[in-house]
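Architecture at a glance
As a plain string of letters, each chain reads:
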Amino acid sequence: MLRRLGLSLATLALASTGVVALAPPAAYAAQAGSEAGAGGDTLFPRQGDARYQVWSYDVSLDYTPVTNRLTATTRIVAVAARDLGRFDLDLEGLDVSRVLVDGEQAAFSRDGHELTVRPDGGLDRGRFTVRVDYAGEPQEHIDADGSTEGWVRTADGATALGEPVGTMTWIPSNNTPGDKARYTFRLTVPTGYEATANGVLVSQRDEGLTTTWTWRADDPMATYLAMVSIGQFDVFESQTESVDGRTIPIWSFTDVTGGDAAAARRLLPKVIAFQERLFGPYPFDAAGLVVDDADVGYALETQTRPFYPSVGAADGALVHETAHQWFGDSVTLVDWHDIWLAEGFATYAEWLWDARHGGDTAQEHFDDLYATPASGALWRPAPTEFTDAADLFGSPVYNRGAMTLHALRKEVGGDDFFRIVRLWAQRNEDGSVRTAQLVRLAERVSGRALSPLFRTWLEKAGKPAGY
Ligand SMILES: [Zn+2]
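Residues numbered from 1 in each chain as written. Predicted model: local features only at pLDDT ≥ 70, side-chain atom pairs only at ≥ 80, totals over all residues. Heavy atoms only, no water.

Looking at an unreviewed UniProt entry, one finds the protein named Aminopeptidase N and attributed to Nocardioides kribbensis. Regarding the protein, the relevant UniProt record gives this comment under Sequence similarities (unreviewed entry): "Belongs to the peptidase M1 family." Looking at the protein in UniProt, the text filed under Cofactor (unreviewed entry) is "Zn(2+)". (UniProt positions renumbered as here; feature names shortened; annotations may be inferred.)

Here it is, written out as structure tokens:
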């Protein structure tokens, strides 16, 4: 994610949130499970259910933009880690008419966003299927920091955005980032509208009054990275060649009222090529961008097809969201407290781009931020130590996160640093990670004890001394 108003690093560094959250020091990897409820995450313990993992979602969705009316069926293939009497999905709003488990009607109840399903006789450990039929007017979700996500209506349709939790406004899901799955989207819209989602376009079938667009995302994806965008768009199809010789199809959907995104579309293959040289092969089988007038004030790294409220050639957001395809999307945090693993890397990727394209060097970016007074919002809470969900996308996560990577680069040298970054992306491709794994990898590659450095930069509130 990159906030439109947050593009100035200095502004971000100096902005005061008015909130100082001091968390007790935590050992690396101490966040696993113990504080979590049924979910797998410590920041949003009511999201997700750690007792099963989803293999795939098949979302069939019929949407009428004029009325914001949605009729949908989501089919889930999942695996239970043990026998279960019941299990939870997350779904906010909408009316559920029926739930089938392994083809049999199942009892269900709703409490807030929890959709609790009680299959007759319970579930045996192992594979099971769920079908949820639902309908209604999908809604926005307002986050702790006041920002808008979920199903966001536009002048001519809607764009669905899900970081951190908004995907539950349109997909009944195991809505926690540690559970990645494959997706198929079958989007039926009035003919004359376009509908895009993540992944590869499988078909576009004109049925007279309606048209069904089918998209498939075969690479595992966290729920928060799912997207659809429905409206009247200019549609562009092209392709690029990856560094490992694959042809990557590019689909871009730009709103006819959203200005000229041509420069950004031209730049996208160059950004991918630049980042492949630094991070390794592009991790997915499709690329593109969506520009739509969903006025949320941020761009988002929705997998293979990032969303922009507007985008220009000189826009760091394009570099930032493209870098997220490696860091955040392919290599995904298990727990939201590790969000710096996405935002710190994406911010550092902007610095690397700037340095090679006539802007500040990474050292200059670092020095500018380091000049922030010790009282600045940049320094607290430390990037992994926030306790308030309103700090999830705060300056420390982005800027102090990027500074952490620069401090690591200075400590181990450029060769080892980029070896670490490439190995991190390659070994964890399509995976789920925690900060402790990065520390271990960096120590193995460099042969140095790096826990003190990571602890100083990620865990200790206040300005690190001596840099
Ligand atoms: Zn971001």
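Focus: the overall build of the protein
Helix and strand content of the protein: 9 helices and 24 strands. On C-alpha atoms alone, the protein measures out to a radius of gyration of 22 Å, which is about the 23 Å that the 2.2 N^0.38 rule sets for 467 residues. Based on the C-alpha atoms only, the size of the protein along its principal axes is roughly 65 × 50 × 45 Å. Among the 467 residues that make up the protein, the fraction classed as buried is 60%. Of all intrachain contacts in the protein linking residues separated by at least 6 positions in sequence, the fraction that spans at least 24 positions is 70%. On the protein, roughly 17,300 Å² of surface is accessible, and the fraction owed to carbon and sulfur atoms is 49%. Taking the average location of the 41 positive side-chain charges in the protein and that of its 64 negative ones, the two points are 5 Å from each other. (Helix = DSSP H or I, 4+ residues; strand = E, 2+ residues; numbered from the N terminus. Rg over C-alpha atoms; globule rule 2.2 N^0.38 Å. Buried < 20%, exposed > 50% of the residue type's maximum accessible area, 1.4 Å probe, protein only. Contact = heavy atoms within 4.5 Å. Areas by Shrake-Rupley, 256 points an atom, 1.4 Å probe, with all protein chains shown as cover. Lys, Arg positive; Asp, Glu negative; His and termini not counted. Charge placed at Lys NZ, Arg CZ, Asp CG, Glu CD.)

Some details on the pattern of salt bridges
Proximity of charged atoms lets side chains of opposite charge pair with each other. Throughout the structure, instances matching the rule amount to 11 salt bridges. The partner of R3 in a salt bridge is D145, and the shortest N-O contact between them spans 2.6 Å. Of this pair, R3 sits in strand 1 (residues 2-3) while D145 sits in the loop between strand 10 (140-142) and strand 11 (148-154), placing them 142 residues apart in sequence. The shortest N-O distance in the salt bridge between D133 and R131 comes to 2.9 Å. Classification of D133 as buried rests on a relative accessible area of 10%. (Salt bridge = Lys/Arg side-chain N within 4 Å of Asp/Glu carboxyl O.)

Details of the sheet that holds strand 17 (residues 228-231)
Strand order in the open sheet made by the 5 strands is 10-11-12-17-14, with antiparallel pairing throughout. Two strands close off the open sheet at either side, each with one partner strand: strand 10 and strand 14 (194-197). Across the sheet, the mean angle from the axis of one strand to that of its neighbour is 15°, orientation sign disregarded. Pairing of strand 14 with strand 17, which is carried by 4 bridges, proceeds in the antiparallel orientation. Within strand 17, the position partnered with T196 by the bridge is S229. (Pairing = 2+ DSSP bridges. Axes fitted to C-alpha atoms, helices over the stretch in contact; angles between N-to-C directions.)

Considering the packing of helix 8 (residues 435-446) against helix 9 (residues 451-458)
Axis separation between helix 8 and helix 9 bottoms out at 10 Å; the angle between their running directions is 140°. The way helix 8 lies across helix 9 gives a crossing that is right-handed. The segment helix 8 lies against helix 9, with T435, L438, V439, A442 and E443 engaging S451, F454 and L458. Of the residues contributing to the contact of helix 8 with helix 9, the split by class is 5 nonpolar, 2 polar and 1 charged. (Left-handed = near helix turned anticlockwise from the far one by under 90°. Nonpolar A, V, L, I, M, F, W, Y, C, P; charged D, E, K, R; others polar.)

A short note on the side chain of E343
Structurally, the position occupied by E343 is in helix 4 (residues 340-356). Buried within the structure, E343 lacks any salt-bridge partner; its nearest side chain of opposite charge belongs to R3, at an N-O separation of 8.5 Å.

Focus: the UniProt feature "domain: Peptidase M1 membrane alanine aminopeptidase" (unreviewed entry) in the protein
Here the UniProt-annotated "domain: Peptidase M1 membrane alanine aminopeptidase" (unreviewed entry) positions come out as residues 318-457. In this annotation, residues 318-457 is assigned 60% helix and 4% strand; the end-to-end C-alpha distance for the span is 27 Å.

Focus: helix 9
Those residues of helix 9 that fall on the buried side of the exposure criterion are L453, F454, T456, W457 and L458. Looking at the packing, one finds that the buried side of helix 9 touches helix 4, helix 5 (362-370), helix 6 (395-412) and helix 8.

Details of the pairing of strand 2 (residues 52-64)
Within a regular beta strand, the side chains point alternately toward one face of the sheet and then the other, so they alternate between its two faces. Looking at chain direction, strand 2 and strand 3 (residues 69-80) are connected through 12 bridges and run antiparallel. Following the sheet pairing, S56 is matched in strand 3 by V77. The hairpin formed by strand 2 and strand 3 contains 4 residues between the paired strands, and N68 there has a positive phi angle of roughly 55°. Both strand 2 and strand 13 (residues 181-190) contribute to a ladder of 7 bridges, which runs parallel. Paired with L61 across the two strands is L187, which belongs to strand 13.

Digging into the nonpolar core
Of all hydrophobic cores here, the largest spans 141 residues; its most connected members are L61, F87, W151, F185 and F454. Tallying contributions element by element places helix 4 first for this core, with 9 residues. (Core = buried A, V, L, I, M, F, W, Y, C linked by side-chain atoms within 4.5 Å.)

Some points on the environment of W55
Locating W55 in the fold gives a position in strand 2. Separated by 77 residues in sequence, W55 and V132 have C-alpha atoms that sit 16 Å apart. Non-local contacts of W55, meaning those with residues more than four positions away in its chain, are made with V77, A78, A181 and R182.

Quick notes on the sheet that holds strand 22 (residues 307-308)
Across the sheet, 4 strands lie side by side as 18-19-20-22; this open sheet has mixed pairing. Each edge of the sheet is formed by a strand with only one pairing partner; in this case those strands are strand 18 (233-241) and strand 22. Pairing geometry for strand 18 and strand 19 (residues 247-255), over 9 bridges, is antiparallel. When the sheet's bridge partners are listed, F233 is paired in strand 19 with D255. Helix 2 (residues 262-279) contacts strand 18, strand 19 and strand 20 (287-291) of the sheet and is inclined by roughly 140° relative to strand 20.

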